[in-house]
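Residue-level structural notes
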Amino acid sequence: MSGNENIISGFDDSYDKTLSLILDEVPKAPRCISVYIKGSIDNYNSTFFQEKLDKIFASGYVNVIFRCSTLDYVSSTGIGVFATFFSKLKEVGGNIVFADLQPKVVELFQLLGFSHFFHIVANQDEAVAFFNSESNVKIDVFPKVIDCPLCNAHLKAKHSGKFRCPSCKAIISVDEQGSVSI
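Summarised in this report is the structure supplied together with it. Remember, it's a predicted structure, so these values are computed and weren't measured experimentally.

This paragraph deals with the overall build of the protein chain. When you go through the protein chain residue by residue, the secondary structure sums to five helices and ten strands. If one aligns the C-alpha atoms of the protein chain with their principal axes, the spans along those axes are about 65 × 35 × 30 Å. Considering only contacts within the protein chain whose residues lie at least 6 apart along the sequence, 56% involve residues at least 24 apart. Entry remark: accessible area of the protein chain is about 9800 Å², with carbon and sulfur atoms responsible for 52%. One finds the centroid of the 17 positive side-chain charges in the protein chain at a distance of 8 Å from the centroid of its 20 negative side-chain charges.

Here it is as structure tokens:
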């Protein structure tokens, strides 16, 4: 039986030539697993990747460290899979942390604005420290660029509160999670 199968039964039932995942339990953090990613996550293997994350979630792990030193590429579809998984984990009090990211992947996260939602650290030790601290309870979503619900004008919110749209003058409320309402 492979190492992955010892951690999550049936995890290696399917495989993809462009993406491999190696699991490692993290006993120093609560309900935590480390996922070492090798290859790329794109439109062609995103369903495979989503299925693997669903197996991790179904196995009761709510804190996940993605080890990404050999993650070569992530498409917008792959980032969408991470975002969906992140939402599932947040609903049950969990979180994800990215460790060992290559600079080109960090740049992509920053360009798409996901560096405000995902916690990125240098290595697994920092990820474990994050899960053992209170800082994982709330991830700062600010500053955030928001769109006016009435006229779609862009505003930059540095914090939660009420703002006036510079274009249509509507009063916009932004809550602590970054949700926008009028």
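Another aspect to go through is the sheet that holds strand 9 (residues 171-174). Strand pairing in a sheet is mediated by backbone hydrogen bonds. Such pairs are either parallel or antiparallel. One open sheet holds the three strands; their spatial order is 8-9-10, and the pairing between them is antiparallel. Either end of the sheet is taken by a strand with one partner, and the two such strands are strand 8 (161-164) and strand 10 (180-181). Inspection of the sheet shows strand 9 paired to strand 10 by two bridges, in the antiparallel sense. Bridged to Val174 within strand 10 is Val180.

A few words on the pairing of strand 6 (residues 144-147). Bridge analysis of strand 6 against strand 7 (residues 154-157) gives four bridges, and the strand direction is antiparallel. Bridge pairing links Lys144 to Ala157 in strand 7. Between the end of strand 6 and the start of strand 7, which pair antiparallel, lie six residues, with Asn152 showing a positive phi angle near 65°.

One recurring pattern in soluble globular proteins: nonpolar side chains tend to sit buried together. Ranked by size, the top nonpolar core spans 33 residues in total, and within it Ile37, Phe49, Ile56 and Phe66 carry the most contacts. Going through the elements one at a time, strand 1 (19-25), strand 2 (32-41), helix 2 (46-58), strand 3 (63-74), helix 3 (76-91), strand 4 (95-99) and helix 4 (103-111) are the ones with two or more residues in this core. In terms of residues, this core owes the most to one element, helix 3, which gives six residues. Filtering out sequence-adjacent residues up to four positions away, Phe66 remains in contact with Val35, Ile37, Phe49, Leu53, Phe82, Phe85, Ile96, Val97, Phe98 and Ala99.

Another aspect to go through is unusual backbone geometry. Although it is not a glycine, Arg31 sits at a positive phi angle of roughly 45°. In this fold, Arg31 is placed in the loop between strand 1 and strand 2. Residue Asn152 is not a glycine yet carries a positive backbone phi of 65°. Examined against the element boundaries, Asn152 turns out to sit in the loop between strand 6 and strand 7. For Asn152, a relative accessible area of 54% puts it in the exposed group.

The rules behind each value
Residues numbered from 1 in each chain as written. Predicted model: local features only at pLDDT ≥ 70, side-chain atom pairs only at ≥ 80, totals over all residues. Heavy atoms only, no water. Helix = DSSP H or I, 4+ residues; strand = E, 2+ residues; numbered from the N terminus. Contact = heavy atoms within 4.5 Å. Areas by Shrake-Rupley, 256 points an atom, 1.4 Å probe, with all protein chains shown as cover. Lys, Arg positive; Asp, Glu negative; His and termini not counted. Charge placed at Lys NZ, Arg CZ, Asp CG, Glu CD. Pairing = 2+ DSSP bridges. Core = buried A, V, L, I, M, F, W, Y, C linked by side-chain atoms within 4.5 Å. Buried < 20%, exposed > 50% of the residue type's maximum accessible area, 1.4 Å probe, protein only.

Any functional reading would require information beyond the geometric quantities listed.
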